[in-house]
Each structure stands twice: as C-alpha cells, then as structure tokens.
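Listed here are the chains, written in short residue letters.
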Amino acid sequence: MTNEDIEHLSAMLKARSGLILGSDKTYLIESRLAPVARKEGFSSVSALLTALRTKRDEKLMAMVTDAMTTNETFFFRDKVPFDQFKSDVLPALAKTRLNGEIKIWCAACSTGQEPYSLAMLMEESRAQFPRVNLDILATDISDRCLEKAQSGLYTQFEVQRGLPITMMVKNFEKVDEMWRISPKMRQSIRFKKLNLLDDLRGIGRMDVIYCRNVLIYFDLETKKKVLEQMAQLLPDDGYLFLGAAETVLGITDAFKPMPGMRGLYIKNQAVKTEAARRLA
Ligand SMILES: C[S@@+](CC[C@H](N)C(=O)[O-])C[C@H]1O[C@@H](n2cnc3c(N)ncnc32)[C@H](O)[C@@H]1O
C-alpha cells in the first residue's frame, strides 16, 4: 500500500464520513478492506486502493466508506444512559409533554441495538407512563447497518450481550439460528440513512438525542459542528446523551454536563452558539 494511496483514502474518508484514520491505519485498512477487495475482484487491498484513487467510482467509494466505519454496539450499552433515561429523563419529559409524545433521535444507531433498547425500556415502563409514546428516529451512515437494524435479526451472541433474559423472552422469537425482535418493536422505530456531516435541520425538533460513540472518530471542528447543529434541534429542556469516552467540554459551549449524571448533557442557555447566531 503506497503512502499516496493511504493519504487519498484518509482524505476521502474525512470528506465523506468525518472519520479520521488513527496511527494504526495500515492494519485497520487491511482488515476492513480485505473483504471488499475480495468481493469486488481485486487481487489485494493495495489494488483496491489504487483503483479508488485513480477511478472516480462512486459505488466503490461508498462501499469503502461503509466498510471503514466501526459499528460496535450492543443492547443497553454502558447501562447508565438507559438507567438515567428511565429514572430522570422520561419522568421529566412525561410531565411537560402534554400530548404524551417524546421525540428521540439515535444519531448513529449502527445495527439498531440502541433504539431497540429504548423501545423495550419504554414497554417496561408502560404501567408507570401509560400515556407516553416514544417517537424514535434511528439514523446511520451505513446502509449495511441499517439493513440489519431494520431486519431486527440478531445472532445468539448479540442477544446475549447486555440484554436482560426477561426482555429477550418477551420481545424476541427464534428464527432458525437467529433471534428476531417482535414486529411491534420494529414498527416503533423509523430507520433512515443520514450523514452527520450534512445539514441536520431536516431532522426537526427532538426532545432527546443519543449521539454515542461516533464523535470519537471525528476531528474537533467536525465534533463542534455536529454538536452545535444538534443544540438547534433540542428545546431548552431537551437532553443529549454522549458515549462514555465523549464530552462537550473544550469543544462547544452549546451544552453543559448535567450535574451528577455522567454522559448526560443539557443546553447551556447562557451562551448563544455560533450556529444559533448564524440561524438568527
Ligand atoms: C460505534 S457505532 C455506535 C453505535 C451506538 N450509538 C452505540 O453507542 O452503541 C458508530 C456508528 O456511527 C456511524 N457513523 C460513522 N460516521 C457517521 C456519519 N458521518 N454519520 C452518521 N453515522 C456515522 C457508523 O456507521 C457506526 O454505525
């Protein structure tokens, strides 16, 4: 793999998905792109990268971008963001959303475990909040992930990661070697392809945004841009959940951490963000 090929790939990935390739890039590129090279009939990853650089093949660029995304996820990942939703966010919003509708956006949903966890959690809380309806929008840049999320089909390993057994029994059925989440859960989520680098205003107002474990792959400028656009979608009493390794601190003043709640952020009313100034 030549330096020229790697530099071209890095620039393409940054422009198309925001991904910044780390220092371990040769290994990562080899392992992620070997299956694409094989599938597309290239003799090696190097040959694939050269073709990527010399031909403007949109289909190949999209396949490579998708293959380079990290899609690690599991049900109730990190537990805390779901506990906080149940104990604090849901009761607070249920009080103020008089029509009972709470709009949630999972902004990088990967293969769907995050939005399905929220839908199952709501079902568990039904007796306590009989009038509340979660309107869940789940988006990702990866067609491959969205296809799997929409199918609702998971392996034995995937349903054993993080999902309480009672919820599994209640919400999944066995289909050959796989487990399929119920049609009711599948129908409760709107899955849609969306690139976080794009203009996000089309998303509309959201009460809660889960943007977890995706900003870590972006540079500071991109993180700032995404977060400030998200602040515009949230009302003053909205909530933002970030991943355990992510923060707004040192990136933007649009949000501030919710005291005592790790990973949970609220809007910082005191500061008018650059994005707000531009839209005003
Ligand atoms: C590590 S997964 C996180 C999944 C889930 N939020 C969680 O925390 O378990 C990161 C996801 O971000 C998606 N992603 C990467 N860049 C993106 C972009 N520019 N726009 C939208 N999604 C993106 C990837 O396709 C991947 O599915």
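Conventions we followed
- Residues numbered from 1 in each chain as written.
- Predicted model: local features only at pLDDT ≥ 70, side-chain atom pairs only at ≥ 80, totals over all residues.
- Heavy atoms only, no water.
- Helix = DSSP H or I, 4+ residues; strand = E, 2+ residues; numbered from the N terminus.
- Expected span 1.5 Å × (residues − 1).
- Buried < 20%, exposed > 50% of the residue type's maximum accessible area, 1.4 Å probe, protein only.
- Arc of directions from axis to C-beta.
- Domains from an automatic or database assignment.
- Contact = heavy atoms within 4.5 Å.
- Buried area = accessible area lost by both parts, 1.4 Å probe.
- Pairing = 2+ DSSP bridges.
- Near = heavy atom within 4 Å.
- Polar contact = N/O pair within 3.5 Å; in protein donor to acceptor, adjacent residues only side chain to side chain.
- Areas by Shrake-Rupley, 256 points an atom, 1.4 Å probe, with all protein chains shown as cover.
- Nonpolar A, V, L, I, M, F, W, Y, C, P; charged D, E, K, R; others polar.

Draft legend 1. Region of the structure containing helix H1 (residues 3–17). Taking 1.5 Å as the rise per residue, H1 with 15 residues should run 21 Å; its terminal C-alpha atoms sit 21 Å apart, in good agreement. Inspection of H1 places Asp5, Ile6, Leu9, Ser10, Met12, Leu13 and Ser17 among the buried residues, and these make up the whole buried set. Mapping the buried residues of H1 onto a view down its axis gives an arc of 170 degrees, with all of them on the same face. Facing away from the buried side of H1 by over 90 degrees, the exposed positions are Asn3, Glu7 and Ala15.

Draft legend 2. Molecular detail of the domain arrangement of the protein. Here the domain parsing of the protein yields domain 1 (3–68) and domain 2 (80–279). At the interface, nine residues of domain 1 touch nine residues of domain 2. Roughly 680 Å² of surface becomes buried between domain 1 and domain 2 when both sides are summed, with 48% attributable to carbon and sulfur atoms. Per-residue buried area on domain 1 facing domain 2 is highest for Ser17, Gly18 and Asp66; these three make up 53% of the total on that side.

Draft legend 3. Representation of the sheet that holds strand E4 (residues 172–175). Spatial strand order, E3-E5-E4: three strands in an open sheet with antiparallel pairing. Taken across any chain shown, the strands that pair with only one partner, and hence form the sheet edges, are strand E3 (153–154) and E4. Taken together, the two bridges between E3 and strand E5 (residues 178–181) define a ladder with antiparallel strand orientation. Across the sheet, the residue bridging to Leu153 is Arg180, located in E5.

Draft legend 4. Examining the site of the ligand more closely. Every one of the 20 residues lining the ligand counts as a neighbour, but Ser17, Thr73, Ala108, Asp140 and Asn213 are closest to it. Within the backbone of Ile141, a nitrogen or oxygen atom sits 3.3 Å from a nitrogen atom of the ligand. Asn213 places a polar side-chain atom, nitrogen or oxygen, 2.7 Å from an oxygen atom of the ligand. Computed on the free molecule, the ligand has an accessible area of 600 Å², of which 98% lies beneath the protein chains in the complex. Within the shell around the ligand, the residues separate by chemical class into six nonpolar, nine polar and five charged.

Draft legend 5. Up close: helix H6 (residues 113–124). The terminal C-alpha atoms of H6, which comprises 12 residues, lie 16 Å apart, in line with the 16 Å expected from a rise of 1.5 Å per residue. Most of H6 is tucked away, with 10 of its 12 residues classed as buried.

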